[in-house]
Amino acid sequence: MELIQENPDLSAYLAADEVIDHHHPLVRQTAARLAKEATDSYVYARLAFEFVRDTIPHSQDSGDPRVTWRASDVLEQGTGICYAKAHALTALLRAEDIPTALCYQKFDVVHGLVAVRFHGAWHRQDPRGNKPGVDARFSLDGERLAFLPDPAAGELDYRGLYATPHPAVLGALKAAPDRAHLWRTLPTAL
C-alpha cells in the first residue's frame, strides 16, 4: 500500500505542537533515558515503540477512565487509547529527529497508529499494546500491526500520513470527560 504524506514538507513530520509536545521536559527526559540505551536511530525507534506499547496501558484494556491526548500527559498519567499512545510515540520519535506521521485504520471505529521514516520510506507501527490475540511488533521489514482490516467487512487502511492528529480524532479526545463518553463518540470514519 502506498502511503501519502498530507504535507509534502518532511520537516512537518518533525514539528512540535500542543499535542505532539516533544519540547516538554517529561518528553525530553523520557527520550534522553531511552537514547542512552540506543546505538543508533533504528534501535532508539524500537526502544521508544516498546516503551509506549509495553509501559503505557491501553485505557480500555486496563479499565482506566481517564482520557489523555497530549503526548506529555500520556507519559505523565501512564494511560491512553490508541490515538493517545500514537501521540506519545510520535513525540518521543520526533524528539530524536525521526520523522513520524500519524496514520489511521477504519474498523467499527477509527484506529490510530504511526509511521516512521527510515531508508527513504514510511513504515507503519502500532503501539496500541499487546494482549491475547494482539501481537504488534516494531518492524521495518513488513508490517506487524495489531489489527489487519477486512475489506469485505468495510474495514480499511487509510493511506494518509498526517503531521498533526486528524481533527475528528483530536475533537473526540478533547471533548470527552471520561473514556465511557469517548467510547460513544469515537470517529467511525475520516
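Our structure's up above, just so we're on the same page.
Residue positions are given per chain, counted from 1 along the sequence in the order it is written. With pLDDT at 70 or above as the cut-off, local features in this predicted model cover only qualifying residues; side-chain atom pairs require 80 or more to be listed or tallied, and sums for whole chains, interfaces and linings still use all residues. In computing side-chain properties, one takes all heavy atoms of the structure into account and sets aside hydrogens as well as water.

Colleague: Just checking my understanding: could you explain helix 5 (residues 82-95) for this structure?
Modeller: Every α-helix winds through 3.6 residues per turn, so residues three or four apart in the chain are directed the same way. Helix and strand assignments come from DSSP, with helices taken as H or I runs of at least 4 residues and strands as E runs of at least 2, each series counted from the N terminus. Multiplying 1.5 Å by the residue count of a helix minus one yields the expected span of that helix. When the terminal C-alpha atoms of helix 5 are compared, their 20 Å separation across 14 residues agrees well with the 20 Å that a helix rising 1.5 Å per residue should span. Among the 14 residues in helix 5, 14 count as buried, and that is most of the element. Once helix 5 finishes, D97 follows within two positions and takes phi at roughly 60°, a positive value. Remark: exposure states derive from per-residue accessible area (1.4 Å probe, protein chains only) relative to the maximum for the residue type, with buried under 20%, exposed over 50%, and partly exposed in between.

Colleague: Teacher, can you tell me more about the sheet that holds strand 5 (residues 156-157) here?
Modeller: Sheets are built from strands that pair by backbone hydrogen bonding, the pairs being arranged parallel or antiparallel. By the convention used here, strands pair only if DSSP detects at least 2 bridges between them. Taken together, the four strands give an open sheet; going across it, the order is 4-3-2-5, and neighbouring strands pair in antiparallel fashion. If you trace the sheet from one side to the other, it starts and ends with strand 4 (121-125) and strand 5, each paired once. Note: strand 3 (residues 110-118) against strand 4, five bridges, orientation antiparallel. In the strand pairing of strand 4, V114 is matched with Q125. The contact criterion used throughout is that any non-hydrogen atoms of two residues lie within 4.5 Å. Axes, fitted as lines to C-alpha atoms, cover a helix only where it is in contact. Angles between the N-to-C directions of the axes lie from 0 to 180 degrees. On top of the sheet, helix 5 reaches strand 2 (100-106) and strand 3; it is set at about 15° to strand 3, its chief contact.

Colleague: Sorry if this is basic, but what is going on with the side chain of R128 here?
Modeller: Among the structural elements, R128 can be located in the loop between strand 4 and strand 5. There is a polar contact of 2.7 Å between the side chain of R128 and the side chain of D61. Residue contacts for R128: discarding those within four places in its chain leaves H58, D61, C82, K85, H111, A146 and F147. Under this definition, polar contacts are N or O atom pairs within 3.5 Å; protein pairs additionally need one hydrogen-donor-capable and one acceptor-capable atom, and for neighbouring residues in sequence, both atoms have to be side-chain atoms.

Colleague: Would you take a moment to explain the packing of aromatic side chains for this structure?
Modeller: Centre distance and the angle of the planes are the two values used to describe a pair of aromatic rings. Only rings of Phe, Tyr and Trp enter the pairing, Trp through its six-membered ring, and a pair is recorded when the two centres are within 6.5 Å. The plane angle decides the type: under 30 degrees is stacked, over 60 is edge-to-face, the rest tilted. For the structure shown, the criterion picks out seven aromatic pairs. A centroid spacing of 6.3 Å and a plane angle of 70° characterise the contact between Y42 and F118, whose relative ring orientation is edge-to-face. On the criterion of sequence distance, the pair formed by Y42 in helix 2 (residues 41-55) and F118 in strand 3 is long-range, its members being 76 residues apart. Ring geometry for F49 against F138: centres 5.8 Å apart, planes inclined by 55°, an arrangement best described as tilted. Of the two residues, F49 is situated in helix 2 and F138 in the loop between strand 4 and strand 5; the sequence distance between them amounts to 89 residues. Residues F49 and F138 agree in their burial class; the two are buried. Through a chain of ring-to-ring contacts, the aromatic side chains of Y42, F49, F118 and F138 assemble into a single cluster.

Colleague: I keep staring at the environment of E76 and nothing clicks. Help me out?
Modeller: Tracing the chain through its elements places E76 in helix 4 (residues 71-77). Considered as a pair, E76 and T100 are 24 residues apart in the sequence and their alpha carbons are 21 Å apart.

Colleague: So what exactly am I meant to see when it comes to the nonpolar core here?
Modeller: For soluble globular proteins, nonpolar side chains are generally found buried alongside one another. Y44, Y83, L92, L93, Y104, L173 and L182 are the most contacted members of the largest nonpolar core, which totals 48 residues. Per element, the largest residue contribution to this core is 10 residues, and it comes from helix 5. Beyond its immediate sequence surroundings of up to four residues, Y44 is in contact with A31, L34, A35, A38, L92, L93, E96 and I98. Counting 11 residues, the second-largest nonpolar core is a separate cluster that includes L3, A12, Y13 and L113. By nonpolar core is meant a set of buried Ala, Val, Leu, Ile, Met, Phe, Trp, Tyr and Cys residues that side-chain atoms within 4.5 Å join together.

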